[in-house]
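Listed here are the chains, written in short residue letters.
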Amino acid sequence: MPLRITTRNARFQLLETLLTNRTKRGRAGEFLVQGVRPITLAVEHGWQIRTLLYDGDRRLSSWARAMLDGADAGERIAMSPQLLAELGEKDDGDVELLAVVAMRPDDLGRLPTGEHFLGVALDRPSQPGNIGAIVRSADAFGAHGVVTTGHAADAYDPRSVRASTGSFFATPVVRVPSHREVMAWVESERAAGTPIVVVATDEAGETDLADFDLTLPVLLLVGNETVGLSRAWRDAADVTLRIPTTGSASSLNAANAASVVLYEARRQRR
């Protein structure tokens with residue numbers, strides 16, 4: 001028989017920390033995933049499902065039942081609908097299944113490289129939702145991975161995973177302490193024969209986006225939502241591109257700018 005949780009006991013409180021406590025989430029090496037598409041893609045892409053939490057008081061859909069019957073589903077826990085809704089962050093209480101998924105290593109070696117490489121490095125992103133939105137665009141436009149650097153929001157925050165609409169599980173996302181680790185990786189890739197070009201964007205960039213060859217192996221730098229790129233990342237960039245705009249807007253926000261560049265890279269590579 002599966003474990004059943006109907007009160008805010010110690011196990012429930014431990015699960016609750018996966019929503020809000022980054023430190024405890026990191027120590028546990030796991031995170032909470034909400035939604036049909038994200039959970040489905042996590043399974044399809046081979047992420048380790050440690051626990052499935054389901055509504056023990058309702059008739060489950062065929063999708064939820066198939067997930068629970070999966071051979072690699074890990075532990076199953078039946079929960080009261082009220083407690084499950086709290087973990088699912090749903091005011092209407094309409095949650096039938098959540099997944100606790102194991103994190104993957106923060107190893108830049110997870111990024112597939114080669115002559116067609118396209119990656120994104122985020123400099124100190126402060127909003128989990130922006131990380132998820134950029135991961136979603138990276139997946140949509142064929143990028144090979146996303147890296148967050150510096151004192152950043154957590155890519156495994158439920159808001160980030162939710163904003164990616166499941167792309168988080170299809171596109172490698174790696175967290176590193178600073179630009180140094182990324183540039184050391186870039187230099188090692190260059191030495192191995194992949195001439196990665198580090199590309200920044202700025203409203204005062206020296207070249208229009210459409211005039212630059214984005215069919216080269218490219219690492220796109222995206223700055224912090226408020227202060228932009230750090231001096232260290234600006235110095236590391238090989239080229240700074242500008243996105244031509246009209247109207248009264250002085251610039252695009254980080255997620256939109258990343259999407260525009262990724263789209264142009266995809267357009268050129270077609």
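Residues numbered from 1 in each chain as written. Predicted model: local features only at pLDDT ≥ 70, side-chain atom pairs only at ≥ 80, totals over all residues. Heavy atoms only, no water.

Naming follows an unreviewed UniProt entry, where the protein chain appears as TrmH family RNA methyltransferase of Georgenia halophila.

1. What to know about helix H3 (residues 36-44)
Of all the positions in H3, only Pro38, Ile39, Thr40, Leu41 and Ala42 are classed as buried. On its buried face, H3 sits against strand E2 (30-34), strand E3 (49-55), helix H4 (62-69) and strand E5 (97-102). Note on H3: the residue one or two positions beyond its end, Gly46, has a positive phi of about 75°. (Buried < 20%, exposed > 50% of the residue type's maximum accessible area, 1.4 Å probe, protein only. Helix = DSSP H or I, 4+ residues; strand = E, 2+ residues; numbered from the N terminus. Contact = heavy atoms within 4.5 Å.)

2. Comments concerning the pairing of strand E9 (residues 197-201)
Extensive coverage of E9 is indicated by the burial of four of its five residues. Where E9 lies against strand E11 (residues 218-222), four bridges are found, and the strand directions are parallel. When the sheet's bridge partners are listed, Val199 is paired in E11 with Leu220. Relative to strand E12 (residues 239-242), E9 is paired through three bridges, and the arrangement is parallel. (Pairing = 2+ DSSP bridges.)

3. Here's the deal with the sheet that holds strand E6 (residues 118-123)
If you trace the seven strands from one edge of the open sheet to the other, you get E8-E7-E6-E11-E9-E12-E10, paired in parallel fashion. Strand pairing shows two members of the sheet lacking a second neighbour, strand E8 (173-176) and strand E10 (207-208), which therefore form its edges.

4. Quick notes on the pattern of salt bridges
Scanning the model with the defined rule gives 18 salt bridges in all. Residues Asp238 and Arg190 are paired through a salt bridge, measuring 2.8 Å at the closest nitrogen-oxygen approach. With Asp238 in the loop between helix H9 (231-236) and E12 and Arg190 in helix H8 (residues 179-191), this residue pair connects regions lying 48 residues apart in the sequence. Classification of Asp238 by relative accessible area gives partly exposed; the value is 45%. Residue Asp208 pairs with Arg242 through a salt bridge whose shortest N-O separation is 2.6 Å. You can see Asp208 sitting in strand E10 and its partner Arg242 sitting in strand E12, a full 34 residues away along the chain. Using a relative accessible area of 24% as the deciding quantity, one classes Asp208 as partly exposed. Among the ionic contacts, a cluster of salt bridges with common partners joins Arg25, Asp106, Asp154 and Arg175. (Salt bridge = Lys/Arg side-chain N within 4 Å of Asp/Glu carboxyl O.)

5. Comments concerning the pairing of E3
Counting buried residues in E3 gives six out of seven residues, a clear majority hidden from the surface. Strand direction decides the pairing type here: E3 and strand E4 (residues 75-79), joined by five bridges, are parallel. Bridge pairing in E4 links Thr51 to Glu75.

6. Observations concerning the sheet that holds E5
With mixed pairing, five strands are arranged side by side in an open sheet as E1-E4-E3-E5-E2. Single-partner strands in this sheet number two, and they are strand E1 (3-5) and E2. Strand-to-strand twist of the sheet, defined as the mean angle between neighbouring strand axes without regard to direction, takes the value 25°. Alignment of E2 against E5, held across five bridges, turns out to be antiparallel. Counted as the bridge partner of Glu30 is Ala102 from E5. The sheet strands contacting H4 are E3, E4 and E5, and the helix crosses E5 at an angle near 35°. (Axes fitted to C-alpha atoms, helices over the stretch in contact; angles between N-to-C directions.)

7. Things to note about the side chain of Ser164
Within the secondary structure, Ser164 is located in the loop between helix H7 (158-163) and E8. Ser164 has contacts with Gly132, Val135 and Arg136, leaving out every residue within four places of it along the chain.

8. Regarding the packing of helix H6 (residues 128-140) against helix H10 (residues 254-269)
Where H6 contacts H10, the axes come no closer than 9 Å and their chain directions differ by 10°. Here H6 lies roughly parallel to H10, going by the angle between them. On the side of H6, the interface is formed by Asn130, Ala133, Ile134, Ser137 and Ala138, while H10 contributes Ala254, Ala255, Ala258, Ser259 and Leu262. A breakdown of the residues in the contact of H6 with H10 according to their chemical character gives seven nonpolar, three polar and no charged. (Parallel < 35°, antiparallel > 145°, perpendicular 65-115°, else oblique. Nonpolar A, V, L, I, M, F, W, Y, C, P; charged D, E, K, R; others polar.)

9. Describing the environment of Asp72
Tracing the chain through its elements places Asp72 in the loop between H4 and E4. Each C-alpha atom of the pair Asp72 and Arg50 lies 8.6 Å from the other, and the pair is 22 residues apart in sequence.

10. Here's the deal with the packing of aromatic side chains
On inspection of all chains with the given rule, the structure shows 10 aromatic pairs. For the pair Phe31 and Tyr156, a centre-to-centre distance of 4.8 Å together with 65° between the ring planes defines the contact as edge-to-face. Here the residue Phe31 occupies a position in strand E2, and Tyr156 occupies one in the loop between strand E7 (145-149) and H7, the gap between them amounting to 125 residues. A single burial state applies to Phe31 and to Tyr156, both of which are buried. (Phe/Tyr/Trp six-rings, centres within 6.5 Å; stacked < 30°, edge-to-face > 60°.)

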